[in-house]
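# Observations on the model geometry
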Amino acid sequence: MGPSSQCAGGTAPDVLGVLFCVRQHPAGSAEPTPPAERGPAEPPGSARDRRGSVPEVSPALRVGALVSLLVYLALATWLAMRSLTVLWVSPGNLEPLATIRTDIERGPVEAARTLGAGLVRLAPLGALLPLLGAHLGGGRLGSLARTAFTGAMVSLTLECGQTLAPSRVFDIDSVLLNTLGVALAHQLCYGLLRRFATTGPPPQPPPSASPPEPPARPPAHASPPEPGHEPPAPRTPHVRPSPRIPPAPPAPPTPPVQARMASWY
């Protein structure tokens, strides 16, 4: 069975014959059958196009987040710098996890109280810091890294500043707990912030169901134009106007038959 029968929908299992199916060009040359037209591309605002991107945060929400962050930092600084009335003060701790192990040995109630206080101390920064950026600080991992680093720097500054108070000491475990609390709050709030606190792109009209028409193909014998040169326009043949011929003079009237017969005699 030939290729033409296979192109017409024959049942022959010859795959090579189907691959070499040809159609006759109007100019008489055979060209391979072009592949089937694909459907229209998705609009730029589709879900697939926005998979790796983050919508923008409105300017009003960014200003509100900045004001809330400044107020909360002022409150946290006042709580960290205020002096306490205590009988004795434990020495500072520069060994990581030393204070955490001591709190766990005191019992679950004491561990839950001290560890929970360390986690909640700067946790609101995990939701406020991403709102300061136009795109929530980037993707989830990038925003988490920036937020956790900023929270660690804020906690380290507070721990260093509270040593000026007579009843406060520096504790490295407080920095670790504060940073962990900021990271956990960021992971819990990032999905909600991306869904409710951002403005997405404007909706795009649905694509048409009919595929676009393929462009007209030039004939096989025509050579493609060179780049930068446009093909010359077809010239119209010049037709010379014919000279005007004057009209012929009218013929003299024919005399009647009786007058012609009288002239013969």
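Given the structure is predicted, the values throughout are model-derived calculations rather than measurements.

## Concerning the side chain of aspartate 173
Along the polypeptide, aspartate 173 turns up in helix 8 (residues 172-196). Buried charged residue aspartate 173 carries no salt bridge. Nearest counter-charge: arginine 101, at 7.3 Å. Within the structure, the side chain of aspartate 173 is placed 2.5 Å from the backbone nitrogen of leucine 97, a separation counted as a polar contact. Among the polar contacts made by the side chain of aspartate 173, one reaches the main-chain amide nitrogen of threonine 99 at a distance of 2.6 Å. Excluding residues within four positions of it along the chain, aspartate 173 makes contact with Asn93, Glu95, Pro96, Leu97, Ala98, Thr99 and Ile100.

## Points about the pattern of salt bridges
Applying the stated criterion across every chain, the model contains 5 salt bridges. A salt bridge links arginine 106 to glutamate 110; its shortest N-O distance comes to 4.0 Å. Assessed through its relative accessible area of 57%, arginine 106 is described here as exposed. Take glutamate 110: its relative accessible area is 23%, and that puts it in the partly exposed class. Its salt-bridge partner being glutamate 159, residue arginine 121 comes within 2.8 Å of it at the nearest N-O pair. Of this pair, arginine 121 sits in the loop between helix 5 (108-120) and helix 6 (125-128) while glutamate 159 sits in helix 7 (residues 140-161), placing them 38 residues apart in sequence. You can call arginine 121 partly exposed: its relative accessible area is 23%. Each of Asp103, Arg106, Glu110 and Arg113 takes part in a single network of salt bridges with overlapping partners.

Reading the values: the criteria
Residues numbered from 1 in each chain as written. Predicted model: local features only at pLDDT ≥ 70, side-chain atom pairs only at ≥ 80, totals over all residues. Heavy atoms only, no water. Helix = DSSP H or I, 4+ residues; strand = E, 2+ residues; numbered from the N terminus. Buried < 20%, exposed > 50% of the residue type's maximum accessible area, 1.4 Å probe, protein only. Lys, Arg positive; Asp, Glu negative; His and termini not counted. Salt bridge = Lys/Arg side-chain N within 4 Å of Asp/Glu carboxyl O. Polar contact = N/O pair within 3.5 Å; in protein donor to acceptor, adjacent residues only side chain to side chain. Contact = heavy atoms within 4.5 Å.

In short, the description is geometric, and any link to function would need to be established separately.
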